[in-house]
Amino acid sequence: MEEFRRSYSRLCRESGAEPQEAVLQQLHQLPRGRLDLATQSLTVDTCRALGKLLQSEALCIELILSDCMLSDEGATLLLRGLCTNTVVRLLDLKGNNLRAAGAEALGKLLRQNKSIQSLTLEWNNLGAWEDAFATFCGSLAANGALQQLDLRNNQISHKGAEELALALKGNTSLQQLDLRWNNIGLLGGRALVSCLSSNRTLWRLDLAGNNVPGDVLRAVEQAMDHNQDRHTTFRENQARTHVLSKEVQHLREEKSKQFLDLMETIDKQREEMAKSSRASAARVGQLQEALNERHSIINALKAKLQMTEAALALSEQKVQDLGQLLATAEQEQLSLSQKQAKERKLEQQEAAERESKLLRDLSAASEKNLLLRNQVDELERKVKSQQEQLFLTRQELTNTSAELKMRAVQAEERLDMEKRRSKQSLEDAENLRFKEVEHMTRHLEESERVMQERVQRLEAMRLSLEEELSRVKAVALTERGQAEEELIKAKSQARLEEQQRLAHLEEKLRLLAQARDEAQGACLQQKQTVAEAQARASQLSLQVEGLRRRLEELQQELSNKDQEKVAEVTRVRVELQEQNGRLQAELTAQEALREKVAALERQQKVIASDHREALLDRESENASLRERLRLKEAEIARIRDEEAQRASFLQNAVLAYVQGSPLRALSPPK
């Protein structure tokens, strides 16, 4: 209010007038939201300043200007400022003697202002100016915000009442109208009664002190009771509808919130499912890739084992062949030992070189074996989930072991045949040597031919073995090359000179015996490594089985989670459908309530129209009964007059008869 007070002072000074001290004092003491200037004599300048302030002031909700002795100009300025105000709800202009200009300003206010709900105009002279009051009533008909209007003691005549009746027919917001202590009369009362049939919002109309007949007051009271009942019913229905709408809105918000939360949870679950499925798919892909890699590694290991076993078999066969050759060479060495003394040194040197070479070969082979062992270890580390492949590998290993055994048996049979042949040849050679020295050359030629045939057979066997072991790697190839080189050297030595060949074979026997021992040791080691590999393969198969079971468990868990999520989604859908059904039922119940309200309103309309018709019928009956009563009273008065006349005629006749009869003379005088 302090700001309002300063603005008032500023506007007064701008207009060249001094602000009123009484108004400033009242503004200083007023509470917030209420401007009470009652009983303050407001000048025109003050009214102009207040009108300008009220055009944009948003603090005052109630404006009390009762008994302020407002002039027409001051009232016009104040009401002009209130035309654009959107905050004031209550306006009190009691006891300001407003006239024609004030009534026109009030009409303009009611036509333009949409916020004033209560207007008090008691103790004014609005009804004395019929044209201005008609303008006021026309604006009242167009107003849609005013709910309470006080027009007591405004000298409203029956014509003003008729204008008010026309305004009430068009007004749809006014609920209370006070017209006490005016000059409405019978005609004005009937006009107001006639307008109440089309007005449904007015539920209080006071007509005391207006010389209105009692039947009109009763009709007005009945109409007000009907409107009040309708208003209370409408308010109850509106309150119920508002409560129901709030409940429905609240339910909708809750359901929408629940639905959104549910959709968020479903989206999160779907994302989790997608993540888990992607992780599972990636894990399964990794496991599958690892399985494929392990399978390929096991196949490679299997091939290497096969090649190693084939190389071992070939080396054993070569050792056996060389043993046979060494045996024959030993028998020949006994006869030719003296001739070979000089060449032994050379052979020893060559043997030393060959021994170093074989040692290097053996070291290389041992390094290769270490590499193979490292590879086997790496393969064992990698092969942890290969049960089926290991099972196949076992079968293939058993098959290959069977094949190797068969080949070993065949090689033993061939070895026996060669031993027998060698024994026979040795016996022939001994016989020939002991019998005929001269046939030594021929024996040497025959032995050379036999050796050539054996070499040819060995070469044929080597070729067949090479065809079977085409997949052997560098180790077997190098060993085969070494064996071929040794065979070629043996051929050349046998061709060059038998003594050199025998010395060479003797040295070679020793070296090959060592090589055979080393090869047998290597074979044993490889067999041990194969057994260890099989044991590790069995462990890996168990691990693979465990991993497969774990994979199946994970897949089962994924399927269970999918089923649970599907069941949850179906349950949520069922709940949403049930909630939608309940909402639909509530909406149908609301529609039924609205239909009931509409039916009640229609019933009220029908009852009101029936009541109105009944009132009119009763009024017509009352009028007809009054008319009949009047006629009966007139007839009774006429009959009474006739009876009185008859009685007087009879009395006169009796008196005349008595006076004229002879008995009169006998009667004593009075």
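- Per an unreviewed UniProt entry, the chain goes by Leucine-rich repeat-containing protein 45 isoform X1 and derives from Galeopterus variegatus.
- On record in UniProt, under Subcellular location (unreviewed entry), the comment for the chain is "Cytoplasm, Cytoskeleton, Microtubule organizing center, Centrosome".

**Observations regarding the overall build of the chain**
Now for step 1: A count of helical and extended segments in the chain gives 15 helices and seven strands.
Now for step 2: Rg of the C-alpha trace for the chain: 69 Å, well past the compact-globule value of 26 Å for 670 residues, more than 25% over.
Now for step 3: With the C-alpha coordinates of the chain rotated into their principal frame, the extents come out at 240 × 90 × 30 Å.
Now for step 4: Scored against the burial criterion, the 670 residues of the chain give a buried share of 34%.
Now for step 5: Counting contacts in the chain only where the partners sit at least 6 residues apart, residues at least 24 apart contribute 84% of the total.
Now for step 6: Of the accessible surface of the chain, which amounts to about 40400 Å², a share of 53% is contributed by carbon and sulfur atoms.
Now for step 7: Each charge class in the chain was averaged separately, 101 positive and 107 negative side chains, and the resulting centres sit 4 Å apart.

**Quick notes on the pattern of salt bridges**
Now for step 1: Counted by the stated rule, this structure contains 19 salt bridges.
Now for step 2: For Glu122, the salt bridge goes to Lys94, with nearest N and O atoms at 3.9 Å. Of this pair, Glu122 sits in the loop between strand E4 (118–120) and helix H6 (130–142) while Lys94 sits in the loop between strand E3 (90–92) and helix H5 (100–112), placing them 28 residues apart in sequence.
Now for step 3: One salt bridge connects Glu627 with Arg630, and the closest N-O pair in it is separated by 1.9 Å. Here the residue Glu627 and the residue Arg630 both occupy positions in helix H14 (residues 498–660), the gap between them amounting to three residues, near one helical turn.

**Comments concerning the nonpolar core**
Now for step 1: Ranked by internal contacts, the top residues of the largest apolar core, which has 68 residues, are Leu121, Leu149, Leu151 and Leu179.
Now for step 2: Discounting residues that sit within four places of it in the chain, Leu149 has contacts with Leu119, Leu121, Phe136, Leu140, Leu174, Gln176, Leu177 and Asp178.
Now for step 3: Membership of the second largest hydrophobic core comes to six residues, among which are Leu301, Leu305, Leu379 and Val530.

**Some thoughts on the state of the cysteines**
Now for step 1: This model, assessed by the stated rule, comprises zero disulfides.
Now for step 2: Cys47 carries a free sulfur, and the closest cysteine sulfur to it, the one in Cys68, is 8.0 Å from it.
Now for step 3: With no disulfide of its own, Cys83 lies closest to Cys47 among cysteine sulfurs, the gap being 14 Å.
Now for step 4: Given the relative accessible area of 6%, Cys83 is considered buried.

**A word on the confidence of the model for the chain**
Now for step 1: Scored by pLDDT, the chain has a mean of 81; 91% of the residues are at 70 or more.
Now for step 2: Every residue in residues 662–670 scores below 50 in pLDDT, and together they form two contacts with partners more than four places removed in sequence or on other chains.

**Details of a nonpolar patch on the surface**
Now for step 1: Taken together, the side chains of Leu650, Val654, Tyr657 and Val658 define a hydrophobic patch exposed on the protein surface, amounting to about 430 Å² of accessible area.
Now for step 2: Within the element layout of this structure, Leu650 appears in helix H14.
Now for step 3: Take Leu650: its relative accessible area is 56%, and that puts it in the exposed class.

**So, the sheet that holds E4**
Now for step 1: Here we have seven strands laid out as an open sheet, ordered E1-E2-E3-E4-E5-E6-E7, and parallel in their pairing. Because the sheet does not close on itself, it has two edges, and the strands there are strand E1 (34–36) and strand E7 (204–206). Strand-to-strand twist across the sheet, computed as the mean angle between neighbouring axes with direction ignored, equals 0°.
Now for step 2: Both strand E2 (residues 62–64) and E3 contribute to a ladder of three bridges, which runs parallel. Within E3, the position partnered with Leu63 by the bridge is Leu91.

**What to know about a negative patch on the surface**
Now for step 1: There is a patch of like negative charges on the surface, built from Asp261, Glu264, Asp267, Glu271 and Glu272.
Now for step 2: Its location among the elements puts Asp261 in helix H9 (residues 214–336).
Now for step 3: Look at Asp261 and you get partly exposed, because its relative accessible area is 37%.

**Some points on helix H2 (residues 21–29)**
Now for step 1: Within the span of H2, buried status applies to Val23, Leu24 and Leu27. Relative to the axis of H2, the buried residues are bounded by an arc of 100° and lie together on one face. Turned more than 90 degrees off the buried face of H2, the exposed positions are Glu21, His28 and Gln29.
Now for step 2: For H2, the elements touching its buried residues are helix H1 (2–14), E1 and helix H3 (44–56).

**Side note on the packing of helix H7 (residues 158–170) against helix H8 (residues 185–196)**
A packed helix pair is summarised by two numbers, namely the angle formed by the two axes and the spacing between the axes.
Now for step 1: One way to put it is that H7 packs onto H8 with a least axis distance of 8 Å and a crossing angle of 5°. Taken together, H7 and H8 sit at an angle that is classed as roughly parallel. From H7, His158, Ala161, Glu162, Leu164, Ala165, Leu168 and Lys169 reach across to H8, where they touch Leu187, Gly188, Ala191, Leu192, Ser194 and Cys195.

**Observations regarding unusual backbone geometry**
Now for step 1: Phi at Asn97 is positive, roughly 55°, even though this residue is not glycine.
Now for step 2: With respect to the helices, strands and loops of the structure, Asn97 is situated in the loop between E3 and H5.
Now for step 3: You can call Asn97 partly exposed: its relative accessible area is 34%.
Now for step 4: The backbone of Asn153 shows a phi angle near 55°, a positive value even though the residue is not glycine.
Now for step 5: Along the polypeptide, Asn153 turns up in the loop between strand E5 (148–150) and H7.
Now for step 6: Here Asn153 falls in the buried class, since its relative accessible area comes to 17%.

What counts as what
Residues numbered from 1 in each chain as written. Predicted model: local features only at pLDDT ≥ 70, side-chain atom pairs only at ≥ 80, totals over all residues. Heavy atoms only, no water. UniProt positions renumbered as here; feature names shortened; annotations may be inferred. Helix = DSSP H or I, 4+ residues; strand = E, 2+ residues; numbered from the N terminus. Rg over C-alpha atoms; globule rule 2.2 N^0.38 Å. Buried < 20%, exposed > 50% of the residue type's maximum accessible area, 1.4 Å probe, protein only. Contact = heavy atoms within 4.5 Å. Areas by Shrake-Rupley, 256 points an atom, 1.4 Å probe, with all protein chains shown as cover. Lys, Arg positive; Asp, Glu negative; His and termini not counted. Charge placed at Lys NZ, Arg CZ, Asp CG, Glu CD. Salt bridge = Lys/Arg side-chain N within 4 Å of Asp/Glu carboxyl O. Core = buried A, V, L, I, M, F, W, Y, C linked by side-chain atoms within 4.5 Å. Disulfide = S-S within 2.5 Å. pLDDT = per-residue confidence, 0-100. Patch = residues over 30% accessible without salt bridge, like charges linked within 9 Å, V, L, I, M, F, W, Y side chains within 5 Å. Pairing = 2+ DSSP bridges. Axes fitted to C-alpha atoms, helices over the stretch in contact; angles between N-to-C directions. Arc of directions from axis to C-beta. Parallel < 35°, antiparallel > 145°, perpendicular 65-115°, else oblique.

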